[in-house]
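The lines below spell out each chain.
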Amino acid sequence: MVELASSQPGFLGIESAREEVDITVSYWADIESITAWKANVEHREAQEKGRREWYSDFRVRISKVEREYGI
């Protein structure tokens, strides 16, 4: 899915963490890009497979990053 997502218009990047919980965060330029990714047929099929085979709890959060900085 990372390869497919990265080829979509508006894709900015992705981060994942796999420890006690699996978390993947993808970054998009705007809500239209997010909407198009959600509608992508291959992505929808992968989400359905994930729900059936791997994840008993699955959530999507759409958030706006206002700023990022390091210390």
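Residues numbered from 1 in each chain as written. Predicted model: local features only at pLDDT ≥ 70, side-chain atom pairs only at ≥ 80, totals over all residues. Heavy atoms only, no water.

Another point: the confidence of the model for the protein. Averaged over all residues, the pLDDT of the protein equals 91, while 100% of them reach at least 70. When mean pLDDT is compared element by element in the protein, helix α2 (residues 31–39) scores highest at 96, while strand β2 (residues 22–28) scores lowest at 91. (pLDDT = per-residue confidence, 0-100. Helix = DSSP H or I, 4+ residues; strand = E, 2+ residues; numbered from the N terminus.)

Let us look at the environment of Met 1. Note on placement: Met 1 falls in the segment before α1 (2–6). Met 1 sits in the partly exposed class, given a relative accessible area of 46%. Distance in space between the C-alpha atoms of Met 1 and Ala 46 is 7.9 Å, their sequence separation being 45 residues. (Buried < 20%, exposed > 50% of the residue type's maximum accessible area, 1.4 Å probe, protein only.)

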